[in-house]
Amino acid sequence: MHDPIALRALHKARFGVEPEVYAAPGRVNLIGEHTDYAEGFVMPAAIDFATLAGISPRKDGKIVMYAENFSEERTFDAAALPTKASKNWSDYPLGVVTILAGEGLKIPGFSLTLWGDVPLASGLSSSASVEVATALAVTSLIGASYPGARFHPGNENLSPGARLARLCQRAENEFVGANCGIMDQFISANGAENHALLLDCRDLSFKLAPIPAGVALVIANTMVKHSVAGGEYTSRRAQVEEAAAVIARHRPEVRFLRDATLDDLVRWGSEMSPNALKRARHVISENLRTVAAADALMRRDLEELGRLMAEAHLSYSRDFEASCVEADAMVSLAQGLPGLIGARLTGGGFGGCTINLVERDHAAEFSEELSARYATETGIVPQILICHASSGAHKINR
Ligand code: GLA
């Protein structure tokens, strides 16, 4: 049902009113992993799988949310919102609303219908797509945007899309309790059709890099579940921060690994735990690779892009130790298949999906062959999605 008309009908049948409908996509990251919270670079693209949010006002002061994917409705009092997450799907939309309320915005009652086709817990940012769709729906309903300068000085100058992303990142960090960076929410809010987006996670400036029409984004789901709220993501982040703190003892201007160099690791790596040193080597080299990959894509040097993706996967697997047997298998089984440009594990790690850039003419054949090889090797039938880069969050007009 990637179909706004069906969502509209569903909302109307349940709540008796025509909704306004908004969409926000999931994403795939081409390169730049665990660099966002180190104020570095990432290069994701929004995909053609999304969350749709239908919204209409209510007069009874209630916030009623219905998730079609779970066939479940939850009701809250707009004037007395919960302050704690409940480990339920509703944490994501509710998180957005509580952050807006915390900024002093008056939240009226409303009905919200959510439906999405972004595969869950697969590293394709289904949660960010729910947050961004909700945020766009609610801010449009109340006619206000997230001010947020209190938390992010300089926010006054951010574009509406960047503010939307900040709002959703705060919902995830502060309400849901997952310590993610800004990448997923940013691309869901700001993606552009047929483009990847090189984002500078320090000042949220970005450049769009056109993805040639002949290139398909083939996403291969290992079917190993991934979760950002899981302990591994948090422990990697702590190791990245430990490395930055060691370098800062010698070079106080280094607040994040974005500012560090491989030479810093040669000089002061022995003062870090062995794990922090390896994680830092990944992050620092990944930043360099990401900027180089954007450059290669803009020059249409697909061979160089593929080479950088292969290098990034090795770094992610060996130094960051965020891969798993299945993801390593999916990447290595893709090698030599017809049309492959580059392959790597995408997203937070520890399972989820690989991204394969594939010549579009070979995408179907590539997918069949990869699926068969993976099933034989692991005994797991993967899900393969042939995608194209899509636009970010938007209103769907009738
Ligand atoms: C998850 C997080 C992002 C980012 C990636 C790793 O998707 O939500 O902020 O850190 O992992 O690159």
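As shown above, the structure is provided for reference.
Predicted model only: the values in this text are computed from it and were never measured.

## Points about the overall build of the protein chain
Regarding its fold elements, the protein chain presents 11 helices and 12 strands. In terms of C-alpha radius of gyration, the protein chain reaches 21 Å, essentially the compact-globule figure of 21 Å for 398 residues. Dimensions of the protein chain, computed from the C-alpha atoms along their principal axes, are close to 60 × 55 × 35 Å. Counting over 398 residues, the protein chain shows a buried share of 57%. Of the contacts formed within the protein chain by residues at least 6 apart in sequence, a portion of 70% connects residues at least 24 apart. Carbon and sulfur atoms make up 52% of the accessible area of the protein chain, which totals about 15,600 Å². Averaging the locations of the 38 positively and 47 negatively charged side chains of the protein chain gives two centres separated by 6 Å.

## Some points on the site of the ligand
By nearness alone, 14 residues border the ligand, and E33, H34, D36, D184 and Y233 come closest of all. In this structure, R27 approaches the ligand through a side-chain N or O atom, which is 3.0 Å from an oxygen atom. D184 is positioned with one of its side-chain polar atoms (N or O) 2.6 Å from an oxygen atom of the ligand. Burial of the ligand by the protein chains amounts to 98% of its free accessible area of 300 Å². Class assignment of the residues belonging to the shell around the ligand gives a composition of five nonpolar, five polar and four charged.

## Overview of the sheet that holds strand 9 (residues 340–345)
The strand order across the open sheet built from four strands is 9-10-8-11, with neighbouring strands paired in antiparallel fashion. For this open sheet the edge positions go to strand 9 and strand 11 (383–387), each flanked by a neighbour on one side alone. With strand direction ignored, the average angle separating the axes of adjacent strands in the sheet is 20°. Strand direction decides the pairing type here: strand 8 (residues 215–221) and strand 11, joined by five bridges, are antiparallel. Bridge pairing links A220 to I384 in strand 11. Contacts from helix 9 (residues 302–319) reach strand 8, strand 9 and strand 10 (353–359), with the element oriented near 20° to strand 9. Where helix 10 (residues 325–334) meets the sheet, it contacts strand 8, strand 9 and strand 10, and its direction lies at approximately 175° from that of strand 9.

## A closer look at the pairing of strand 9
Strand 9 sits mainly inside the fold: five of its six residues count as buried. Here five bridges tie strand 9 to strand 10, and the two strands are oriented antiparallel to one another. Of the residues in strand 10, the one forming a bridge with G342 is L357.

## Section: the packing of aromatic side chains
On inspection of all chains with the given rule, the structure shows four aromatic pairs. Each ring, one from Y316 and one from F320, has its centre 5.9 Å from the other, and the planes form 25°; the classification is stacked. Residue classification places Y316 among the buried positions, given a relative accessible area of 1%. Exposure remark for F320: the relative accessible area of 0% places this residue in the buried category. It is R14 that lies over the ring of Y66; its NZ or CZ is 3.7 Å from the centre.

## Some thoughts on unusual backbone geometry
The phi dihedral of H34 is positive, around 60°, even though this residue is not glycine. Relative to the assigned elements, H34 resides in the loop between strand 1 (20–31) and strand 2 (41–57). For H34, a relative accessible area of 4% puts it in the buried group. One non-glycine residue, M223, lies in positive phi territory at about 70°. For M223, the location among the structural elements is in the loop between strand 8 and helix 6 (231–250). Look at M223 and you get partly exposed, because its relative accessible area is 42%.

## Things to note about helix 2 (residues 91–102)
End to end, helix 2 covers 16 Å across 12 residues, agreeing with the expected 16 Å (1.5 Å per residue, within 8%). Within helix 2, nine of the 12 residues are buried, leaving the element largely enclosed by the surrounding structure. Along helix 2, the residues classified as buried are D91, P93, L94, G95, V96, V97, T98, I99 and L100. Summarising the contacts, the buried residues of helix 2 are in contact with strand 3 (62–67), strand 4 (72–77), strand 5 (110–116), helix 3 (126–142) and helix 4 (160–176).

## Focus: the nonpolar core
One finds I63, M65, V97, L100, F110 and L112 to be the most contacted residues of the largest nonpolar core, which totals 36 residues. Looking at this core, the elements with two or more residues in it are strand 1, strand 2, strand 3, helix 2, strand 5, helix 3 and helix 4. Ignoring anything within four residues of it in the chain, the contact list for L112 reads H11, F15, A53, G54, I55, V64, M65, Y66, P93, T134 and A137. Among the nonpolar cores identified, the runner-up in size contains 32 residues, and M43, A196, L217 and L305 belong to it.

Calculation notes
Residues numbered from 1 in each chain as written. Predicted model: local features only at pLDDT ≥ 70, side-chain atom pairs only at ≥ 80, totals over all residues. Heavy atoms only, no water. Helix = DSSP H or I, 4+ residues; strand = E, 2+ residues; numbered from the N terminus. Rg over C-alpha atoms; globule rule 2.2 N^0.38 Å. Buried < 20%, exposed > 50% of the residue type's maximum accessible area, 1.4 Å probe, protein only. Contact = heavy atoms within 4.5 Å. Areas by Shrake-Rupley, 256 points an atom, 1.4 Å probe, with all protein chains shown as cover. Lys, Arg positive; Asp, Glu negative; His and termini not counted. Charge placed at Lys NZ, Arg CZ, Asp CG, Glu CD. Near = heavy atom within 4 Å. Polar contact = N/O pair within 3.5 Å; in protein donor to acceptor, adjacent residues only side chain to side chain. Nonpolar A, V, L, I, M, F, W, Y, C, P; charged D, E, K, R; others polar. Pairing = 2+ DSSP bridges. Axes fitted to C-alpha atoms, helices over the stretch in contact; angles between N-to-C directions. Phe/Tyr/Trp six-rings, centres within 6.5 Å; stacked < 30°, edge-to-face > 60°. Lys NZ or Arg CZ within 6 Å of the ring centre and 35° of its normal. Expected span 1.5 Å × (residues − 1). Core = buried A, V, L, I, M, F, W, Y, C linked by side-chain atoms within 4.5 Å.

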